[in-house]
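So you can see what is in the structure, the chains are spelled out below.
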Amino acid sequence: MSEKSVYQWRRAWASGGREALRSQGPPGYDCRLRPDLQAKLAAWLEEGPDAHGQVWTAARVRTPDRADVPHLLIRG
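Residues numbered from 1 in each chain as written. Predicted model: local features only at pLDDT ≥ 70, side-chain atom pairs only at ≥ 80, totals over all residues. Heavy atoms only, no water.

Q: Would you mind going over the overall build of the chain with me for this structure?
A: Along its length, the chain carries four helices and zero strands. When the helices and strands of the chain are listed from N to C terminus, the series reads α-α-α-α. Taken over 76 residues, the chain has a buried fraction of 9%. Pairs at least 24 apart in sequence give 49% of the contacts found in the chain among residues at least 6 apart. When the accessible area of the chain is evaluated, it comes to approximately 6,700 Å², of which 55% is carbon and sulfur surface. (Helix = DSSP H or I, 4+ residues; strand = E, 2+ residues; numbered from the N terminus. Buried < 20%, exposed > 50% of the residue type's maximum accessible area, 1.4 Å probe, protein only. Contact = heavy atoms within 4.5 Å. Areas by Shrake-Rupley, 256 points an atom, 1.4 Å probe, with all protein chains shown as cover.)

Here is the structure:
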């Protein structure tokens, strides 16, 4: 734990009490995928790249001919 964290927690507690120290959940953006696209992505990942006759790499996911995959992976 850093000294900076302690000072931040102390300021939060002083201004909002115990409620101000309550966890606000994981940081980052909420997933923007619709539930049907989440299910589709989960199925693709479960099947693996062999089922689709390819190897998934970061470079291939970014290529324009793989239009569905980048759309599914955008999170924020």
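Here the narrative resumes.
Q: I tried to follow helix α2 (residues 35–47) on my own but got confused; where do I start?
A: For an α-helix, 3.6 residues make a turn, and residues three or four places apart therefore share a direction. Taking 1.5 Å as the rise per residue, α2 with 13 residues should run 18 Å; its terminal C-alpha atoms sit 18 Å apart, in good agreement. Every buried residue belonging to α2 is among Leu37, Leu41 and Trp44, and all of these are buried. Across the axial projection of α2, the buried residues extend over an arc of 60°, all falling on one side. Turned more than 90 degrees from where α2 packs its buried face, Pro35 and Glu46 sit exposed. Note on α2: the residue one or two positions beyond its end, Gly48, has a positive phi of about 85°. (Expected span 1.5 Å × (residues − 1). Arc of directions from axis to C-beta.)

Q: I tried to follow a nonpolar patch on the surface on my own but got confused; where do I start?
A: On the surface, Met1, Val6, Trp9, Trp13 and Leu21 cluster together into a nonpolar patch covering about 610 Å² of accessible area. Relative to the assigned elements, Trp9 resides in helix α1 (residues 3–20). Of the residues examined, Trp9 reaches a relative accessible area of 47% and is grouped as partly exposed. (Patch = residues over 30% accessible without salt bridge, like charges linked within 9 Å, V, L, I, M, F, W, Y side chains within 5 Å. Salt bridge = Lys/Arg side-chain N within 4 Å of Asp/Glu carboxyl O.)

Q: Just to check I follow, could you spell out α1 for this structure?
A: A rise of 1.5 Å per residue sets the reference length of α1, with its 18 residues, at 26 Å; its end C-alpha atoms lie only 18 Å apart and thus fall more than 12% short of the reference. Approximately 90° is the largest bend angle found in α1, and it occurs at Ala14. Buried residues are scarce in α1, accounting for zero of its 18 residues. (Bend = angle between axes of the 7 residues up to and from the residue.)

Spatial relationships are all this shows, so hold off on functional conclusions.
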